Amino acid sequence: QVQLVESGGGLVQAGGSLRLSCAASGRYFMGWFRQAPGKEREFVAAITWSGASTNYADSVKGRFTMSRDNAKNTVYLQMNSLKPEDTAVYYCAADNSYRDLWSSASVDYWGKGTLVTVSS
């Protein structure tokens with residue numbers, strides 16, 4: 001059984017920052033995806049069990065940072081220098097395979113999502 005609960009979404013001006021959190025049950029590799037209205041769900045970031053390795057979409061490199069605290073069973077997505085194009089519902093994801101987290105089609109478990117809106 002895997003339960004994922006995201007939090008931290010909200011409204012922010014362009015150039016601002018937000019930090020998303022995901023409380024996760026179980027021991028899995030973790031990731032973040034996002035989906036804007038009328039668009040396909042896309043990969044944002046992924047992290048290994050230890051947090052030693054991370055992977056980011058080109059569109060967020062240098063601006064977003066993923067981390068985890070296994071003692072709290074929580075992963076985070078720090079989002080800086082936000083742009084209007086970052087507006088989307090952000091989903092926490094979990095999988096037993098790290099590489100599965102690089103594509104929405106192969107992800108095993110999803111959270112319900114949290115909305116991030118960036119105004120210009």
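Residues numbered from 1 in each chain as written. Predicted model: local features only at pLDDT ≥ 70, side-chain atom pairs only at ≥ 80, totals over all residues. Heavy atoms only, no water.

Caption draft 1: Examining the layout of surface pockets more closely. Put simply, the largest pocket is a space of about 160 Å³. Every residue lining the largest pocket is counted, 13 residues in all, and those nearest its centre are Gly26, Arg27, Arg68, Asn70 and Asn73. Within the residue set of the lining of the largest pocket, elements represented by two or more residues are β7 (64-69) and β8 (74-79). A per-class count over the lining of the largest pocket returns 5 nonpolar, 5 polar and 3 charged. (1 Å grid on protein atoms, 1.4 Å probe; cavity = no way out; pocket = protein on both sides within 12 Å on 5 of 7 lines; lining within 4 Å. Points joined across faces, edges and corners; volume = space filled by probe spheres on them. Helix = DSSP H or I, 4+ residues; strand = E, 2+ residues; numbered from the N terminus. Nonpolar A, V, L, I, M, F, W, Y, C, P; charged D, E, K, R; others polar.)

Caption draft 2: How the structure looks around the pairing of strand β5 (residues 42-47). With 5 of 6 residues buried, β5 lies mostly within the body of the structure. The sheet contact formed by strand β4 (residues 29-35) and β5 spans 5 bridges and is antiparallel. Along β5, the bridge assignment pairs Phe33 with Phe43. Between β4 and β5, which pair antiparallel one after the other, the connecting turn spans 6 residues, and Gly38 there sits at a positive phi close to 75°. Examined bridge by bridge, β5 and strand β6 (residues 54-56) share 3 bridges and lie antiparallel to one another. Bridging across to β6, Ala46 finds its partner in Asn55. (Buried < 20%, exposed > 50% of the residue type's maximum accessible area, 1.4 Å probe, protein only. Pairing = 2+ DSSP bridges.)

Caption draft 3: Inspection of the pairing of strand β3 (residues 18-24) at higher detail. Where burial is concerned, most of β3 is hidden: 5 out of the 7 residues are buried. Of the strand pairs in this sheet, strand β1 (residues 4-7) and β3 are connected by 4 bridges, and their pairing is antiparallel. Looking at β3, one finds that Leu4 is bridged to Ala24. The sheet contact formed by β3 and β8 spans 6 bridges and is antiparallel. Pairing of Leu18 across the sheet is with Met79, part of β8.

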